[in-house]
Amino acid sequence: MKTSLTFLGGAGTVTGSKHLLSVGSKKVLVDCGLFQGVKDQRLLNWQTLPVDAKSIDAVILTHAHLDHTGYLPLLVKQGFRGPIYCSEPTMELTQLVLLDAAKIQEEDADHANETGYSKHKPALPLYRVSDAEAVFKLFHTLLPEQWHSILENLMRVNLTNSGHILGSTFVEIETGGKSFVFSGDLGRAHPITLKPRATLRDADYLLIESTYGDRLHPSEPPIDALARLINATIKRGGTAIIPTFALGRTQDILHLIAQLKAEHRIPDVPVYLDSPMADKATAIFDRHASWHRLSSPDLRRLSNTYQHVASANHSMSICQSKEPSIVLAGSGMLTGGRVKHHLVARLPHEKNSVILVGFQAAGTLGRFLQEGAQEAKLFGKYVPVRAQIAEISSLSAHADQREILDWIGSFAQTPKRIFIIHGEANAAEGLRVRIGDTFGVAPHVAKLGETVYLED
Ligand SMILES: [Zn+2]
């Protein structure tokens, strides 16, 4: 049967992940993410997908992050009605992610219309809460570590832990005598709170992410780096802003902060988790104990270490507070959400710090700050950047080059063909060369919009 892969996102970039597997007349989309960052790519979110959404038979999600799920409401708007397969925690977290994204888009559009800073009159959200909710009835959860037949037995699917965020999985597909592995985002070899990623036996075709494909994470333990940066900020009487969404790394960081406080390695300053969804995310963590390594006392200590900021008013009062504190607020790449108000208040003062803990995609405010921007554009105005901008890349939930190579090396047989996805140009190229040298294969760096036909 004629088989092909089409890269509709997450190719040449780390956002917008959408990989279409076509087998005969059937089509399955692995991940359905939103583009973030560079404007040309963000504009793609406003366009109809180049493939008729009605012709897609199923979606399979690797994990809940917005850049892997955030386009689902638009896919449904365009007529997709098939099942969305994923693990149970991924379903629960994706519901939170989509509701949060829709709310942020509605709030940002309202704020733009009230203050008149947008060029668009009126400013419109990409989608609304009702569009997000329309996705929910399509979810079908699959138990991990076992094969499931889908599409009238045309395909078998197996989801196995990828150790990236709660519920994240590799997607293994067998169809027409061929086997595929979609890595999604590949977790670290030794994650802080999650169970380590699984090793897989074999695959004819591997699609491997390359976010950190050309570099290694620093060797300083993340807890030491966190203690160093928080202590320096508090000593200056400042506030440390840690941009992160309410799930995934947030639980890692809260766990480390709780540990640092318990060991008296940082002062007992208030820790705010500024996200309307945060408590629900922690509860989901609590419910899915088989996916992580935190004990009940660990989780209780984690929950007691922070104050949940539910309302926008409470959020604004924290922005005005003179008391040193630690604030975790989304989004992680500073592309939207409550963190923007904290930045307006904190960036102009040297005593404060912004601690970046995840990959910052090209074109995002997080990337501009990381590269030393002197001003940040927030709500249509320029704010001077005098706060300390720091990075702890060892807190990343993505494998670095060594960890990617080790994982591929753990296959009993090297995959016949390797496609490099989900990475900016230098990272993808760096990984292509290293995979070629290490395994004696010639990987292909996927291009946005490209279709590759697979031989029988
Ligand atoms: Zn991710």
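All values reported here derive from a predicted model rather than from experimental measurement. (Residues numbered from 1 in each chain as written. Predicted model: local features only at pLDDT ≥ 70, side-chain atom pairs only at ≥ 80, totals over all residues. Heavy atoms only, no water.)

On to the side chain of T15. With respect to the secondary-structure elements, T15 resides in the loop between β1 (3-9) and β2 (18-23). Beyond its immediate chain neighbours, meaning those up to four positions away, T15 contacts G9, G10, L34, F35, Q36, Q41, D67, M333 and A361. (Helix = DSSP H or I, 4+ residues; strand = E, 2+ residues; numbered from the N terminus. Contact = heavy atoms within 4.5 Å.)

This part covers the pairing of β2. With 6 of 6 residues buried, β2 lies mostly within the body of the structure. Residues K18, L20 and S22 of β2 are buried on one face, and the alternating residues H19, L21 and V23, pointing to the opposite face, are buried as well. The sheet contact formed by β1 and β2 spans 6 bridges and is antiparallel. The partner of T6 across the bridge, within β2, is L20. The sheet contact formed by β2 and strand β3 (residues 26-30) spans 5 bridges and is antiparallel. Of the residues in β3, the one forming a bridge with H19 is V30. From the end of β2 to the start of β3, which pair antiparallel, there are 2 residues, and G24 there has a positive phi angle of about 60°. (Buried < 20%, exposed > 50% of the residue type's maximum accessible area, 1.4 Å probe, protein only. Pairing = 2+ DSSP bridges.)

In this section: the coordination of the zinc ion. Note on metal sites: the ideal angle is 109.5 degrees for four tetrahedral donors, and 90 or 180 degrees for six octahedral donors. With distances of 2.2 to 2.3 Å, the protein atoms coordinating the zinc ion are H63 (NE2), H65 (ND1), H164 (NE2) and D185 (OD). Geometry at the zinc ion is irregular, judged from the 4 donor atoms that bind it and their angles of 92 to 167° at the metal. Here the donor residues of the zinc ion are spaced in sequence according to H-x1-H-x98-H-x20-D. Here the residue H63 occupies a position in the loop between β4 (58-60) and α2 (66-69), and H164 occupies one in the loop between β8 (155-161) and β9 (169-175), the gap between them amounting to 101 residues. Judged on exposure class, the residue H63 and its partner H164 are both buried. (Donors = N, O, S within 2.8 Å, 3.2 Å for Na, K, Ca; no water. Tetrahedral: all angles 85-135°; square planar, octahedral: opposite > 155°, others 65-115°.)

Turning next to the packing of helix α4 (residues 88-115) against helix α5 (residues 129-136). As a packed pair, α4 and α5 sit with axes 8 Å apart at the nearest point and diverge in direction by 165°. Between α4 and α5, the interaxial angle falls into the category roughly antiparallel. For α4 against α5, the interelement crossing comes out right-handed. Mapping the contact onto sequence places Q95, L98, L99, A102, K103 and E106 in α4 and V129, A132, E133, V135 and F136 in α5. Looking at the contact of α4 with α5 residue by residue, the class counts come to 7 nonpolar, 1 polar and 3 charged. (Axes fitted to C-alpha atoms, helices over the stretch in contact; angles between N-to-C directions. Parallel < 35°, antiparallel > 145°, perpendicular 65-115°, else oblique. Left-handed = near helix turned anticlockwise from the far one by under 90°. Nonpolar A, V, L, I, M, F, W, Y, C, P; charged D, E, K, R; others polar.)

With 15 residues, helix α14 (residues 425-439) extends 21 Å from end C-alpha to end C-alpha; this agrees with the ideal 21 Å at 1.5 Å per step. For α14, the complete set of buried residues consists of A427, A428, G430, L431, I435 and G436. Downstream of α14 by a residue or two, G440 has a phi angle that is positive, lying close to 65°. (Expected span 1.5 Å × (residues − 1).)

Right, let's talk about the domain arrangement of the protein chain for a bit. As far as domains go, the protein chain holds domain 1 (3-215 + 397-454) and domain 2 (222-395). Contact residues are listed per partner, giving 39 residues for domain 1 and 41 residues for domain 2. Interface area for domain 1 against domain 2, summed over the two sides, is near 3500 Å², with a carbon-plus-sulfur share of 66%. Our count for the domain 1 to domain 2 interface comes out at 2 salt bridges. Its salt-bridge partner being E92, residue R287 comes within 2.6 Å of it at the nearest N-O pair. The leading source of residues in the side of domain 1 that touches domain 2 is α4, at 12 residues. Residues of the side of domain 1 that touches domain 2, tallied by class, amount to 18 nonpolar, 12 polar and 9 charged. (Domains from an automatic or database assignment. Buried area = accessible area lost by both parts, 1.4 Å probe. Salt bridge = Lys/Arg side-chain N within 4 Å of Asp/Glu carboxyl O.)

Another aspect to go through is the state of the cysteines. Evaluated as defined, the whole model comprises 0 disulfides. Left unpaired, C32 is separated from the closest cysteine sulfur, that of C86, by 12 Å. For C32, a relative accessible area of 0% gives the class buried. (Disulfide = S-S within 2.5 Å.)

Pairing within the open sheet is parallel, and its 6 strands lie in the order β14-β13-β15-β12-β16-β19. Since the sheet does not close on itself, it has two edges, and those belong to β14 (307-309) and β19 (388-391), each with one partner. Averaged over all adjacent pairs, the angle separating strand axes in this sheet is 20°, with direction ignored. Where strand β13 (residues 271-274) lies against strand β15 (residues 326-329), 4 bridges are found, and the strand directions are parallel. Paired with L273 across the strands is L328, a residue of β15. Running at roughly 165° to strand β16 (residues 353-356), helix α6 (residues 222-235) makes contact with β12 (240-243), β15, β16 and β19 of the sheet.

Quick look at the environment of G70 now. For G70, the location among the structural elements is in the loop between α2 and α3 (72-77). Distance in space between the C-alpha atoms of G70 and F35 is 8.4 Å, their sequence separation being 35 residues. Setting aside residues up to four positions removed in sequence, G70 forms contacts with C32, G33, L34, L98 and Y127.

Further remarks concern a positive patch on the surface. Judged by side-chain charge, K39, R42, K119 and K377 come together as a positively charged surface patch. Mapped onto the elements, R42 comes out in helix α1 (residues 39-44). Owing to a relative accessible area of 39%, R42 belongs among the partly exposed residues under this scheme. (Patch = residues over 30% accessible without salt bridge, like charges linked within 9 Å, V, L, I, M, F, W, Y side chains within 5 Å. Areas by Shrake-Rupley, 256 points an atom, 1.4 Å probe, with all protein chains shown as cover. Lys, Arg positive; Asp, Glu negative; His and termini not counted. Charge placed at Lys NZ, Arg CZ, Asp CG, Glu CD.)

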